[in-house]
Amino acid sequence: MVVEQFQRQTAIKASLGDVQSSSLVEGKEDQPTALELASGERSGRVSVIAVLVDVGEREGWIDDGTGLLQVRSFDVLKWPLVGSLVHVVGRVREYGSQRYLAVEVVRVIDAGWALVRKRELELRRSLTHASHPPGVELVSMVDQLDDGQGADYESIKTMLNRNDAEQLMQSALESGTLFQVAPGRLKVLR
């Protein structure tokens, strides 16, 4: 007799803002739907730390300062008191256009763990941005557009196609990554 091994997916640590803004990837036949974070991490389960702001018989609402999200249980739970800091592990689901967490674990925790989680998430974001700094895209764009006389400011802005293109170019000018050879013409400092 062959017994299949059940292997639970590891829950990824996330903020509610991450849960709401990340994409849900539909699972294949034997894989569940997964949340894909901007860092590239993907899992069907998430771990969040937030304050319980409202409860009903089978649902509640949590808030961590980055977002507000409904949590649902398909069993009747003994919810902690409203205002409690809770650690919630669950699966991200969508019904219609509303995203929610299907709760597996809800547990009251000490406030110090919220600070630990906040720092963990900040560290992950800084490492993600460090591996893909927006300045690299800008520098390669300026190199590509530079005809020897510098790259045209408006052309760079158009090709970057970003809302923060002007701020990115200004930051690169201030840091010395780029310099202005003539009004409206930028070059990479080598």
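Just above, that's the structure.
1. Looking at the pattern of salt bridges
Following the criterion strictly, the structure yields twelve salt bridges and no others. With its nearest N and O atoms 3.6 Å apart, the salt bridge here joins arginine 124 to aspartate 18. Taken together, the residues arginine 124 in helix H2 (residues 111–131) and aspartate 18 in helix H1 (residues 16–21) connect sequence positions 106 residues apart. Both residues of the pair, arginine 124 and aspartate 18, belong to the buried class. Put simply, Lys13, Arg117 and Glu120 are held in one network by salt bridges that share partners.

2. Overview of the environment of glutamine 98
Relative to the helices and strands, glutamine 98 resides in strand E9 (residues 98–108). For glutamine 98, a relative accessible area of 30% puts it in the partly exposed group. On a C-alpha basis, the gap between glutamine 98 and leucine 145 in space is 44 Å, while along the polypeptide they are 47 residues apart. When residues no more than four places from it in sequence are discounted, the contact partners of glutamine 98 are Trp61, Gln70, Arg72 and Arg93. In terms of polar contacts, glutamine 98 uses its side chain to reach the side chain of glutamine 70, at 2.9 Å.

3. With respect to the pairing of strand E11 (residues 178–182)
Bridge count for E11 against strand E12 (residues 185–188) is four bridges, and the pairing is antiparallel. Looking at E12, one finds that leucine 178 is bridged to valine 188. Linking E11 back to E12 in an antiparallel pair, the connection comprises two residues, with glycine 184 at a positive phi of about 80°.

4. What to know about the nonpolar core
Val19, Val46, Val48, Ile62, Val71, Val88 and Leu101 are the most contacted members of the largest nonpolar core, which totals 19 residues. For this core, the elements supplying multiple residues, two or more each, are H1, strand E5 (45–55), strand E7 (68–72), strand E8 (85–95) and E9. Top element by residues in this core is E5. It accounts for four residues. Residues contacting valine 48, with those up to four places away along its chain left out, are Ala14, Leu16, Val19, Ile62, Val86, His87, Val88, Leu101 and Arg117.

5. Quick look at the packing of helix H4 (residues 153–160) against helix H5 (residues 165–175)
Across the interface, H4 lies against H5 with an axial gap of 9 Å and an inter-helix angle of 125°. By the angle between their axes, H4 is oblique relative to H5. Once H4 is placed against H5, the crossing between them reads as right-handed. Taking contact as the criterion, the partners of Tyr153, Ile156, Lys157 and Leu160 in H4 are, on H5, Ala165, Glu166, Leu168 and Met169. Residue composition of the contact of H4 with H5, by class: six nonpolar, no polar and two charged.

6. Some remarks on the environment of leucine 160
With respect to the element layout, leucine 160 can be found in helix H4. For leucine 160, a relative accessible area of 4% translates into the label buried. Taking the C-alpha atoms as reference, leucine 160 lies 39 Å from valine 89; in sequence the two are 71 residues apart. Look past the residues within four positions of leucine 160 in its chain and what remains in contact with it is Glu137, Leu138, Met141, Ala165 and Leu168.

7. Side note on H5
If you check which residues of H5 are buried, you get Ala165, Leu168, Met169 and Ala172. Down the axis of H5, the smallest arc covering the buried residues is 95°, so these residues share one side. Exposed positions of H5 whose direction lies more than 90 degrees from the buried face are Gln167 and Glu174. Just beyond H5, the residue with positive phi is glycine 176, at close to 90°.

8. Observations concerning the side chain of arginine 45
You can see arginine 45 is positioned in strand E5. One polar contact links arginine 45 to glutamate 104, side chain to side chain, over a distance of 2.8 Å. Each residue touching arginine 45, except ones within four places of it in the same chain, is listed here: Arg8, Gln9, Thr10, Ala11, Ile12, Val89, Gly90, Arg91 and Glu104.

The rules behind these values
Residues numbered from 1 in each chain as written. Predicted model: local features only at pLDDT ≥ 70, side-chain atom pairs only at ≥ 80, totals over all residues. Heavy atoms only, no water. Salt bridge = Lys/Arg side-chain N within 4 Å of Asp/Glu carboxyl O. Helix = DSSP H or I, 4+ residues; strand = E, 2+ residues; numbered from the N terminus. Buried < 20%, exposed > 50% of the residue type's maximum accessible area, 1.4 Å probe, protein only. Contact = heavy atoms within 4.5 Å. Polar contact = N/O pair within 3.5 Å; in protein donor to acceptor, adjacent residues only side chain to side chain. Pairing = 2+ DSSP bridges. Core = buried A, V, L, I, M, F, W, Y, C linked by side-chain atoms within 4.5 Å. Axes fitted to C-alpha atoms, helices over the stretch in contact; angles between N-to-C directions. Parallel < 35°, antiparallel > 145°, perpendicular 65-115°, else oblique. Left-handed = near helix turned anticlockwise from the far one by under 90°. Nonpolar A, V, L, I, M, F, W, Y, C, P; charged D, E, K, R; others polar. Arc of directions from axis to C-beta.

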